[in-house]
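# Understanding the architecture of this molecule
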Amino acid sequence: MSDRNTLAVRFLTSMAQALATMSLYAEGHPVRARAAVASFDTLRDLQGMDPRPSFSFLGSDVVYGQQAIRGLADWEWATRLANVGVQRLEFADIVEREAYVAFLEDVIARVSTFTAIAAANAPANLPLSRPTGPNPIRFGAIGVRGSNEQRPVEAVSVEDASLLDLNVEVDAIQWVHDEVIERDQIPLLEAESIVRSLSVAMHGDSQMLLPLLTLKEFDQYTTTHALNVSVLSMGLAEFMGLSPREVRAYGVAGMLHDLGKVRVPKDILTKPGKLTPEEWALMRSHTVEGAKLILQSDQNLDVAALVAFEHHIMINGGGYPDRHFRCDCHRASTLVHVCDVYDALRTKRPYRDAWEPAATLAYIEKGIGTEFDSDVGRAFIAMMAKWEPRLAVADLSRTAA
Ligand SMILES: [Fe+2]
Ligand SMILES: [Fe+2]
């Protein structure tokens, strides 16, 4: 374990101790202050080596920067913090002691409110606060639910599937995109958590469910589309009998397939009319840009990088990006390609209406052998025949940020 990681573990341990102590003793008790100061000292040590440390608390997992902290796997505060809406904790600058103590007090207040709410068996709906102004401590939700958490989706039947709430996952995908724009890095472990969370939603009741979103606002297209392609890719991979590991990898690849669009100007992405040749070239570059972004974030994401590069390549060699040689695409790319086309056609765009399901499936059927891989295309149609009645179309009840 590197020194930085050791200091990070020491800091988190001391923060947990401070929070535990502060929740036991009344305000003003000297033990409270001592625990807070001891914890602050470990933060100062950590910031000596890493001035801007950031943490994610996802169910029982803790992520420091881009790495999962293994030594803290059973650290019960990860779940507790996530429960009260602190899934992300960032120190944007060197922190003063007063600001840190105030942060601890805030968390304690949330934990006690949450405990009271849980005791009363009422739904916990705690307001989130991201301090405004110059406070260097930023914290809040990234919207990933732990897979062992009781999820509302378990109560959803086909009849009332519109109750399905995927707002948290949409927010989380939005957050991943924002992080990529801001830091040029994909928060990989968090992205994998979103996929796990979606997988739980798909298997929430005894039968398979495809929780898809309908687009309400055009500016939500990127996140809605990423979520839907991830869900469809996982569904299709599972339908085709791939291993759970591959299913999750395809889910991540589906979610990140259009990531390169963060590099394409927004007015081109949302242009209602025909694109000029220059604009079209920029649009097509999202494949190469996406693959680059993914590879520079994590070499282990080679399948996702390939999918980003290949998802517009047709089985007959057409499509883009241009290649100097003909090659067989990875199965994940041919699979995401079908899911991508299905969701894109089913969605209303600024320049056309949404296609009906039957017309969309007919289009896919017609493209088998030319645009789409035969096995994958047929499997997609068979999957929809089997699972489409269980397509849970969830609405976003509010506009995402
Ligand atoms: Fe694309
Ligand atoms: Fe796409």
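Figured I'd write up the structure that's included with this text. (Residues numbered from 1 in each chain as written. Chains lettered and ligands numbered in written order. Predicted model: local features only at pLDDT ≥ 70, side-chain atom pairs only at ≥ 80, totals over all residues. Heavy atoms only, no water.)

Right, let's get into the packing of helix α7 (residues 221-239) against helix α8 (residues 244-256). Closest axis-to-axis distance for the α7/α8 pair is 7 Å, and the angle between their directions is 155°. Viewed along their axes, α7 and α8 adopt a mutual orientation that is roughly antiparallel. Handedness of the α7/α8 crossing: right-handed. Residues Ala226, Val229, Ser230, Ser233, Met234, Ala237 and Glu238 of α7 touch α8, and the partners they reach there are Val247, Tyr250, Gly251, Gly254 and Met255. Taken together, the residues of the contact of α7 with α8 break down into seven nonpolar, four polar and one charged. (Axes fitted to C-alpha atoms, helices over the stretch in contact; angles between N-to-C directions. Helix = DSSP H or I, 4+ residues; strand = E, 2+ residues; numbered from the N terminus. Parallel < 35°, antiparallel > 145°, perpendicular 65-115°, else oblique. Left-handed = near helix turned anticlockwise from the far one by under 90°. Contact = heavy atoms within 4.5 Å. Nonpolar A, V, L, I, M, F, W, Y, C, P; charged D, E, K, R; others polar.)

Now for the nonpolar core. One finds Leu232, Ile294 and Phe380 to be the most contacted residues of the largest nonpolar core, which totals 59 residues. Residues within four places of Ile294 in sequence aside, it is in contact with Ile186, Leu256, Leu259, Leu301, Ala304, Ala305 and Ala308. The next biggest cluster of nonpolar side chains, apart from the first, holds 38 residues, and it includes Ala18, Leu19, Ala36 and Val95. (Core = buried A, V, L, I, M, F, W, Y, C linked by side-chain atoms within 4.5 Å. Buried < 20%, exposed > 50% of the residue type's maximum accessible area, 1.4 Å probe, protein only.)

Attention now goes to the coordination of the iron ion (ligand 1). Protein coordination at the iron ion (ligand 1): the donors are Asp258 (OD), His286 (NE2), His311 (NE2) and His312 (NE2), at 2.1 to 2.3 Å from the metal. For the iron ion (ligand 1), the four donor atoms in the first shell make angles of 85 to 178° at the metal, so the coordination geometry reads as irregular. Mapped onto the sequence, the residues coordinating the iron ion (ligand 1) show the spacing D-x27-H-x24-H-H. A relative accessible area of 1% places His311 in the buried class. (Donors = N, O, S within 2.8 Å, 3.2 Å for Na, K, Ca; no water. Tetrahedral: all angles 85-135°; square planar, octahedral: opposite > 155°, others 65-115°.)

The next thing to look at is the coordination of the iron ion (ligand 2). Bound to the iron ion (ligand 2) are the protein donor atoms His225 (NE2), His257 (NE2), Asp258 (OD) and Asp340 (OD), situated 2.2 to 2.3 Å from the metal. Taken together, the four donor atoms surrounding the iron ion (ligand 2) define angles of 76 to 173° at the centre, an arrangement classified as irregular. Read in sequence order, the donor residues for the iron ion (ligand 2) give the motif H-x31-H-D-x81-D. If you look at the iron ion (ligand 2) and the iron ion (ligand 1), they sit 3.6 Å from each other and are both ligated by Asp258.

The next subject is empty space enclosed by the protein. Considering all chains together, one arrives at two cavities of 30 Å³ or more under this definition. The volume enclosed by the largest cavity comes to roughly 70 Å³. As for the largest cavity, its lining consists of His177, Tyr221, Thr222, His225, Ala226, Met255, His257, Asp258, Leu259 and Lys261. Residue contributions to the lining of the largest cavity peak at four residues, all from α7. Of the residues in the lining of the largest cavity, the class split is four nonpolar, four polar and two charged. Counted as a void, the second largest cavity has a volume near 40 Å³. (1 Å grid on protein atoms, 1.4 Å probe; cavity = no way out; pocket = protein on both sides within 12 Å on 5 of 7 lines; lining within 4 Å. Points joined across faces, edges and corners; volume = space filled by probe spheres on them.)

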